Amino acid sequence: MLGFLKDRHRKRLRARPFPNEWLRAIKRSVAFFTRLSATDQTELLGHIQVFLADKGFEGCAGLEITDDIRVTIAAQACLLLLHRKTDYFPRLITILVYPSTYLAEERRPVTAEIWEEGKQSRLGETGRTMGSMVLAWDAVKSGAADASDGQNIVLHEFAHQLDYENFAADGTPALATRQDQLAWREVMRTEFASLRAAEETGIPTLLDTYGATNAAEFFEVSVEAFFERAVMLRAQHPRLYAEFQNYFRQDPVEFSAERTRQKL
Ligand SMILES: [Zn+2]
């Protein structure tokens, strides 16, 4: 579809009245939603309409796709799109949903020549050229129910999709200017190195040490922390927080569930 026709179509979708039963489902299962400002809630609901019109869903291992499943995934994914010009995860076509953790075949290098084959249980995955994403519904639900534990499989996998927008899986999303890219890379390099060092020495970290795997996973894990541990991330990693604030055009401290907990 031509750009301006696509924009017009999406504008219409965003303006459509939001179904009541979908809104009830979101309020029931997506914990951060009611903490957003009224303006952000409206913007999010608009994005959800476009997202659901654009993406296909397929149930796997006997799971039947319901509106509950679709809106719970869409609401979390679209949090990553607020306040920015977006093309709605353009590389993603279909979302495959398993009832719970699923087993995937995996080949792991043991040495340079020897590979180990086996099954690994997974909560979700996506790839730059896959056009699809796999999610485990029970992990989606528990991620949506707790907005401040720093674990969110939907934010994680959709952050991978943002990472691909600059045509590489390198932990750098599409940034507006060369200057933004340089600043981003410098901060991420330093922060990644310190997570790796902490993992090696066993020092407890706010960021999940899975982020020490590589630069891409470091970005995804940091996205989970940015939205779910905003207060702590800002205090402990101010430069990382500032880069993310600049890219996402959001300050999740404003709707963080952590803040209330600290007040108690
Ligand atoms: Zn990942």
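Use the structure listed above.
Model, not experiment: these values are computed from the prediction.

Digging into the coordination of the zinc ion
Argument step 1. Here the zinc ion is held by His156 (NE2), His160 (NE2), Glu217 (OE) and Glu217 (OE), and the distances to it run 2.1 to 2.7 Å.
Argument step 2. Every donor counted, the four donor atoms about the zinc ion form angles of 53 to 145° at the centre, which fits irregular coordination.
Argument step 3. Counting gaps between the donor residues of the zinc ion yields the pattern H-x3-H-x56-E. Of the two residues, histidine 156 sits in helix H6 (residues 153-163) while glutamate 217 sits in helix H8 (residues 215-228), which places them 61 residues apart along the sequence.
Argument step 4. Using a relative accessible area of 7% as the deciding quantity, one classes histidine 156 as buried.

Let's talk about the packing of helix H1 (residues 3-15) against helix H3 (residues 38-54)
Argument step 1. Contact geometry for H1 and H3: axes closest at 7 Å, N-to-C directions at 120°. The orientation of H1 with respect to H3, classified from their angle, is oblique. Where H1 crosses over H3, the handedness of that crossing is right-handed. Contacts between H1 and H3 involve Arg10, Leu13 and Arg14 from the former and Gly46, His47, Gln49, Val50, Ala53 and Asp54 from the latter.
Argument step 2. Considered class by class, the residues forming the contact of H1 with H3 number three nonpolar, three polar and three charged.

Side note on the packing of aromatic side chains
Argument step 1. Enumeration over the complete set of coordinates arrives at 17 aromatic pairs.
Argument step 2. Here tryptophan 184 and phenylalanine 244 contribute two aromatic rings whose centre-to-centre distance is 5.1 Å and whose plane-to-plane angle is 15°, an arrangement assigned as stacked. You can see tryptophan 184 sitting in helix H7 (residues 178-201) and its partner phenylalanine 244 sitting in helix H10 (residues 238-248), a full 60 residues away along the chain.
Argument step 3. With relative accessibility at 0%, the residue tryptophan 184 sits in the buried group.

The rules behind each value
- Residues numbered from 1 in each chain as written.
- Predicted model: local features only at pLDDT ≥ 70, side-chain atom pairs only at ≥ 80, totals over all residues.
- Heavy atoms only, no water.
- Donors = N, O, S within 2.8 Å, 3.2 Å for Na, K, Ca; no water.
- Tetrahedral: all angles 85-135°; square planar, octahedral: opposite > 155°, others 65-115°.
- Helix = DSSP H or I, 4+ residues; strand = E, 2+ residues; numbered from the N terminus.
- Buried < 20%, exposed > 50% of the residue type's maximum accessible area, 1.4 Å probe, protein only.
- Axes fitted to C-alpha atoms, helices over the stretch in contact; angles between N-to-C directions.
- Parallel < 35°, antiparallel > 145°, perpendicular 65-115°, else oblique.
- Left-handed = near helix turned anticlockwise from the far one by under 90°.
- Contact = heavy atoms within 4.5 Å.
- Nonpolar A, V, L, I, M, F, W, Y, C, P; charged D, E, K, R; others polar.
- Phe/Tyr/Trp six-rings, centres within 6.5 Å; stacked < 30°, edge-to-face > 60°.

As far as function goes, none of this settles anything; it's purely spatial.
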